[in-house]
Amino acid sequence: MSTRWIYSFDALDAATEKCGGDWDEVRGLLGGKGANLADMSRLDVAVPPGFTITSEACNAYLDVGERLPDGLVAEIESALRDVEAETGKTLGDPVNPLLVSCRSGAKFSMPGMMDTVLNIGLNDEVTDGMASIFGDRHFALDSYRRLIQMFSTVVMGIPEAPFEDALLAARVARDVTSDSDLTESDLEPIVERFKKIFRNHTGRDFPSDPMEQLTMAVAAVFRSWNGKRAFAYRKASGIPNDLGTAVNVQTMVFGNLGSDSATGVAVSRSATTGAPAIEGDFLMNAQGEDVVAGIRQTNTIDDLRVEMPELFDELEQAAKMLERHYRDMQDIEFTIENGKLWLLQTRDGKRTAQSAVRIAVDLVSDGILTKDEALERVTPEQVEFFLHPQFSAPAKDSAVDDGRLLTKGLNVSPGAAVGIAVFDADLAEKWSSERDEALILVRPETKPDDVHGMLASAGVLTSSGGRTSHAALVARQFGKPAVVGAKEIVLDLEARTMTVGAATINEGDWISIDGTTGEVFVGEIETKLPDIEDAWLMSLLAWADDVRDLDVWTNADYPADAERALKFGANGIGLCRTEHMFFATDRLPIMQRMIMANHDSDRNEALEELLPLQRSDFAGLFRAMDNKRVIIRLLDPPLHEFLPNVDDLVRNATDLKIRLMNAGDLAEVNRLVREIEETETILSKVEALHESNPMLGLRGVRLGILIPELPEMQVRALFEATAMVLDEGGTPKPGIMVPLISHAAELTPIKEIVDRVALEVLGERSDEVDWQFGTMIETPRAAVTAAEIAGVAEFFSFGTNDLTQMTFGISRDDAEKAFLLGYLELGILAANPFNTLDRDGVGALVRSAVEAGRATRPNIHVGICGEHGGDPRSIALCDEMGLDYVSCSPLRVPVARLAAAQAVLNRPGRPDPDAGLHMDPAKGVVADAG
Ligand code: PEP
Ligand code: MG
């Protein structure tokens, strides 16, 4: 039996039968576009009639040295007769002409890589006929010149240049810039000129026989499978070279045939909000390009409801049906030709984050998707969009148009913030209590003693620092939009200005920052608030909770953060960085006294003052997270971070000395002498605490071992808070976490303090309270010796910020500034390891530490509290490594809930929902039963 080369759009059953019911093979035979057009045709919608020449025909053509296989031309002729019968038009008939397009369509989409020829069927007579039928000679001539041009370049390989030159000359002569402004009288000679170019290059006349045009075009599309562009594209995307392309020959329809014709685009649900109503634009009496090109003012689809109610209904029904069929919101191109609706294309539509969430959830209610599928339809980034104010798109576009985009830095904490620029933290705090305007704190970089200024501001901008710099970390923690490392900014703290090139912003001027993109703007840009209580998002996240195995906790230092995180679905606090509590303006001086103390009694006095403050901090967290684990980390940063900066102290001492020289009376002299002494004492202490590598210095557990009174105070405050909340009827579940250990022996003295103080404070109740003692694993040695550490620690929390820093040996504060971004550009690293957990290095350490920890203590609880705990790809790795929980900043909690569910859905070995689709003669493409 001879091979069948052609399947008309309504012969899907035959193609399916040939492919044994395998939809994948149907797509191989007819190409993706052909299979879809055939699939659409079987549905109750009007697709312009046509047929598909199989990819087998393409391979046969290429195999025998570019000769159309036997029987193909006869099949094309017969398929054309069917199309003519269906449309009532005839190829080459000037009175009632059929025009067709000829487009490639391979199994895998290769957009723009292969060839297309439109308007096949035109010659001199047919063009005249079209001009009178359509009453538009300009249109007929323009279509004709396009056919000659496309045919010449695509089919005959003639260069574009002579055609473009001819068009350019005509535009210059008429003094217009666009081809569409050329008139009928310009186009007549252009058509003749194009035919001449054809003749000069090929030695023959442009083929006026439409059938010859068609067969030559088909052969050209076949050849384009082996074109340079297509070849390179396949190589890059791993598409096999032996698939070949199918060719689709389809009737051309026209929306510009008068007042009963139109053309447009429509989506089956709102792409902005997801509301289940058709939306779109159309133009009466126009061609498809006119809608897209934006040359003419389009009408909304609601006008179509008024102008052509029946056709509107038909379009709406078709959109609904296609949506159900393809199981997603559809973006449809349509044309109405003389009162008849044709659908030219349908595909899954693009949408905003808000729309994506609502559509996914609504499609479940409509019985179209399963909940698991809905969870896979929304990206974690789209969830993140819900949680931060955004610039309104038109306002931002116009700011860019007005040249107000100042510079770009790293987009470390998403959301938009608008405020007046303020250049130091104290002033930020002062202005926030005195003035009504929002603030943006702008600093070269931030340090822990800038935190009060960050809290007082709507957003943070720094000129240096990387993704895990202090500013980035704290900003994410507090949900403050932040841009860091905006290198072009020069901050002059004396002159109180920031400059970028020629632009100067004074302190107090308005700026806007976009932490989602890293952009910094001059002036105010309008923002809009996202709807956190969005019912659709809530449903989606509840489904995610049913699927995920990872628990999602939060990093929170204050009750307000804990409450917010709880609202977002956090099930505990994985990290409370207690150092932040000491930076409040009423506490810092006490902390400084504690650090500066020369005698135990002075130190203990300061610690006693801190204890009640710390106790109420912890009680607040226990109340906010009642009956959930709250892990309090003992003090971590190097002490000098709590002390003033050396340069400031030196400047201060010098100022005081100058004032002393000019002092007027003895009282002033005495006061200044005292102040100078105090400043110099602090200075000598700060200098004594100076370390070349403070991140590798006296910090973390080392502090607690050197100054045991410090952890003792913190632990006492923690258990006293536990007792308080117990007495109130609450159920506190504290965890005490030791930072930065590298040896199991470091835990022993701290554990002794904890056990002793627990007994002292709680007495017999110590056994009733569910409290735990555990440690951060954030140095490579701790990870490697996890088996021993688990002998003491009841939980591990992987501090992957420090662990990444120490495993790679790159500074988390400086790496991006120095070389890391270059490494990413060069492809030395595939992803920034401070963003996405490095699977092979840091990940391997985590994996082996989890295994070793569990070998020693099978029920050890393991989680991650570094910034990676909020990164979807890292969350997938945590799921794979069998961690118990991830802990992330409050605003990332919803993102982590979805990402943790997706991690489960994407586990290897889980059935692919698209695998095993088959073609059901009655229903179209459906999943295999069972
Ligand atoms: C870490 O190192 O990952 C961590 C959570 O601790 P910090 O960022 O406070 O050093
Ligand atoms: Mg750390």
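Conventions and cut-offs
Residues numbered from 1 in each chain as written. Chains lettered and ligands numbered in written order. Predicted model: local features only at pLDDT ≥ 70, side-chain atom pairs only at ≥ 80, totals over all residues. Heavy atoms only, no water. pLDDT = per-residue confidence, 0-100. Contact = heavy atoms within 4.5 Å. Donors = N, O, S within 2.8 Å, 3.2 Å for Na, K, Ca; no water. Helix = DSSP H or I, 4+ residues; strand = E, 2+ residues; numbered from the N terminus. Buried < 20%, exposed > 50% of the residue type's maximum accessible area, 1.4 Å probe, protein only. Pairing = 2+ DSSP bridges. Axes fitted to C-alpha atoms, helices over the stretch in contact; angles between N-to-C directions. Salt bridge = Lys/Arg side-chain N within 4 Å of Asp/Glu carboxyl O. Near = heavy atom within 4 Å. Polar contact = N/O pair within 3.5 Å; in protein donor to acceptor, adjacent residues only side chain to side chain. Areas by Shrake-Rupley, 256 points an atom, 1.4 Å probe, with all protein chains shown as cover. Nonpolar A, V, L, I, M, F, W, Y, C, P; charged D, E, K, R; others polar. Parallel < 35°, antiparallel > 145°, perpendicular 65-115°, else oblique. Left-handed = near helix turned anticlockwise from the far one by under 90°.

1. Examining the confidence of the model for the protein
Next, step 1: Averaged over every residue, the pLDDT of the protein is 91; residues scoring 70 or more account for 96%.
Next, step 2: The low-confidence segment residues 913–930, where pLDDT is below 50, has 35 contacts with residues more than four positions distant or belonging to other chains.

2. Thoughts on the coordination of the magnesium ion (ligand 2)
Next, step 1: Ligation of the magnesium ion (ligand 2) by protein atoms is provided by Glu-778 (OE) and Asp-802 (OD), these donors lying 2.1 Å from the ion. In this pair, Glu-778 sits in the loop between β30 (772–777) and α31 (780–784) while Asp-802 sits in helix α33 (residues 800–808), placing the two residues 24 residues apart along the sequence. Summarising the burial analysis for this pair, Glu-778 and Asp-802 share the class buried.

3. Comments concerning the sheet that holds strand β5 (residues 100–106)
To summarise the sheet geometry, strands pair through backbone hydrogen bonds and adopt either a parallel or an antiparallel arrangement.
Next, step 1: Here we have five strands laid out as an open sheet, ordered β1-β2-β7-β5-β6, and antiparallel in their pairing. Sheet topology places β1 (6–8) and β6 (116–120) at the edges, where each strand pairs with a single neighbour. Ignoring strand direction, the axes of neighbouring strands in this sheet form an average angle of 20 degrees.
Next, step 2: In terms of strand pairing, strand β2 (residues 50–53) meets strand β7 (residues 245–251) through four bridges, oriented antiparallel. Note that in β7 the partner of Ile-53 across the bridge is Val-247.

4. A look at the pattern of salt bridges
Next, step 1: What the rule picks out here adds up to 57 salt bridges.
Next, step 2: One salt bridge connects Arg-897 with Asp-545, and the closest N-O pair in it is separated by 2.8 Å. Of this pair, Arg-897 sits in helix α37 (residues 893–905) while Asp-545 sits in helix α21 (residues 535–547), and the two are 352 residues apart along the sequence.
Next, step 3: Given the relative accessible area of 28%, Asp-545 is considered partly exposed.
Next, step 4: Across the pair Arg-633 and Glu-579 runs a salt bridge, and its minimum N-O distance is 2.9 Å. Here Arg-633, found in strand β28 (residues 629–633), pairs with Glu-579, found in the loop between β27 (573–577) and α23 (588–596); they are 54 residues apart in sequence, far enough to count as distant.
Next, step 5: A residue is classified by how much of its surface remains accessible, and Glu-579, at 6% relative accessible area, is buried.

5. Structural notes on the site of ligand 1
Next, step 1: Every one of the 14 residues lining ligand 1 counts as a neighbour, but Arg-577, Arg-633, Gly-799, Asn-801 and Arg-812 are closest to it.
Next, step 2: The contact in question runs from an oxygen atom of ligand 1 to an N or O atom on the side chain of Arg-577, over 2.7 Å.
Next, step 3: A distance of 3.3 Å separates an oxygen atom of ligand 1 from a polar backbone atom of Gly-799.
Next, step 4: About the coverage of ligand 1: the protein hides 96% of its 290 Å² of free accessible area.
Next, step 5: Sorting the residues of the shell around ligand 1 by element identifies β27 and α33 as the ones contributing at least two each.
Next, step 6: Here the shell around ligand 1 takes three residues from α33, the largest share from any one element.
Next, step 7: Of the residues in the shell around ligand 1, the class split is three nonpolar, four polar and seven charged.

6. Considering the packing of helix α22 (residues 559–567) against helix α24 (residues 600–624)
Next, step 1: Where α22 meets α24, the axes come as close as 8 Å, and the angle between the chain directions of the two elements is 15 degrees. The pairing of α22 with α24 is recorded here as roughly parallel in orientation. As α22 packs across α24, the resulting crossing turns out to be right-handed. Here Pro-559, Ala-562, Glu-563 and Leu-566 of α22 lie close against α24, whose contacting residues are Gly-620, Leu-621 and Ala-624.

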